Amino acid sequence: MRSLQANFDNLVNMLSELYFPVSVTGETETKLKNDREIMLNINITAYSFLFQPSYTNAGDVGFYIKNNLGYIHRSDLSALGQNDYESLWIEIQNDTGHNTICGVFYRHPHGSLDNFLNHLNMIADKIQRQKKYCVL
């Protein structure tokens with residue numbers, strides 16, 4: 001994304017030009033920091049925006065989620081404040097079948113690949129043990 005505020009119009013245009021509706025879209029490098037005020041309206045009609053601001057100058061992760069989807073933020077899977085990576089996870093509720101787990105993650109360019117992979121393996125193991133999800 002390289003800054004949600006700088007590229008917001010491009011994102012909205014891309015979503016409007018698709019031939020099919022997108023229920024969930026994950027964004028990385030939103031550049032929405034904890035100590036910085038959001039300068040522009042980043043709301044998209046019919047979507048909720050869930051994001052995890054960063055403490056660094058790069059990174060940050062978020063989701064645009066269609067308003068008609070029930071979801072919960074999976075803070076037990078998400079990671080914030082890591083030097084090597086960031087991740088945000090949601091669980092989309094499904095009344096007729098398995099819930100769906102969606103994750104968006106960012107590995108900092110100079111971050112440890114081993115730490116990032118260990119985090120992903122830990123999440124995969126945790127989800128697999130529960131055996132009741134479809135994972136995206």
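See the structure printed just above.
The present account deals with the structure reproduced in this document. Keep in mind it's a predicted model, so treat the numbers as computed, not measured.

What about the overall build of the protein?
Okay, step 1: Helices and strands together make up the secondary structure of the protein, namely two helices and seven strands.
Okay, step 2: Taken from the N to the C terminus, the helices and strands of the protein come in the order α-β-β-β-β-β-β-α-β.
Okay, step 3: Within the protein, contacts between residues at least 6 apart in sequence are counted, and of these 57% link residues at least 24 apart.
Okay, step 4: Entry remark: accessible area of the protein is about 8,100 Å², with carbon and sulfur atoms responsible for 48%.

Here's the deal with the sheet that holds strand E3 (residues 61-66)
Okay, step 1: Sheet architecture is open: three strands sit in the order E1-E3-E2, paired in antiparallel fashion. If you trace the sheet from one side to the other, it starts and ends with strand E1 (24-28) and strand E2 (47-52), each paired once. The sheet shows a mean angle of 15° between the axes of neighbouring strands, taken without regard to direction.
Okay, step 2: Bridge count for E1 against E3 is five bridges, and the pairing is antiparallel. Bridge pairing in E3 places Thr28 opposite Val61.

A few points about unusual backbone geometry
The general pattern is negative phi for most residues beyond glycine and trans for most peptide bonds.
Okay, step 1: Of note in the backbone geometry, Arg2 takes a positive phi value of approximately 50° without being a glycine.
Okay, step 2: With respect to the element layout, Arg2 can be found in the segment before helix H1 (4-17).
Okay, step 3: If you check the backbone angles, Glu29 has positive phi at about 50° while not being a glycine.
Okay, step 4: Structurally, Glu29 can be placed in the loop between E1 and E2.

A short note on a nonpolar patch on the surface
Okay, step 1: Taken together, the side chains of Met14, Leu18, Tyr19 and Phe20 define a hydrophobic patch exposed on the protein surface, amounting to about 520 Å² of accessible area.
Okay, step 2: Mapping Phe20 onto the fold places it in the loop between H1 and E1.

Comments concerning the pairing of E3
Okay, step 1: Counting buried positions over the six residues of E3 gives five, a clear majority of the element.
Okay, step 2: One ladder, built from six bridges, connects E2 with E3; its direction is antiparallel. Bridge pairing in E3 places Leu50 opposite Phe63.

Details of the packing of aromatic side chains
Okay, step 1: Per the stated rule, a full pass over the model turns up six aromatic pairs.
Okay, step 2: Ring pairing ties together the aromatic residues Tyr47, Phe49, Phe51 and Tyr64, which thus form one cluster.

Things to note about the nonpolar core
Okay, step 1: Core analysis: the largest hydrophobic core is formed by eleven residues, namely Leu4, Phe8, Leu11, Leu15, Val22, Leu32, Ile42, Ile44, Tyr47, Phe49 and Tyr64.
Okay, step 2: Mapped by element, the contributors of at least two residues to this core are H1 and E2.
Okay, step 3: Top contributing element to this core by residue count: H1, with four residues.
Okay, step 4: Every residue in contact with Ile44, bar those within four places of it in the chain, is listed here: Phe8, Leu11, Val12, Leu15 and Tyr64.

Criteria and cut-off values
- Residues numbered from 1 in each chain as written.
- Predicted model: local features only at pLDDT ≥ 70, side-chain atom pairs only at ≥ 80, totals over all residues.
- Heavy atoms only, no water.
- Helix = DSSP H or I, 4+ residues; strand = E, 2+ residues; numbered from the N terminus.
- Contact = heavy atoms within 4.5 Å.
- Areas by Shrake-Rupley, 256 points an atom, 1.4 Å probe, with all protein chains shown as cover.
- Pairing = 2+ DSSP bridges.
- Axes fitted to C-alpha atoms, helices over the stretch in contact; angles between N-to-C directions.
- Patch = residues over 30% accessible without salt bridge, like charges linked within 9 Å, V, L, I, M, F, W, Y side chains within 5 Å.
- Salt bridge = Lys/Arg side-chain N within 4 Å of Asp/Glu carboxyl O.
- Buried < 20%, exposed > 50% of the residue type's maximum accessible area, 1.4 Å probe, protein only.
- Phe/Tyr/Trp six-rings, centres within 6.5 Å; stacked < 30°, edge-to-face > 60°.
- Core = buried A, V, L, I, M, F, W, Y, C linked by side-chain atoms within 4.5 Å.

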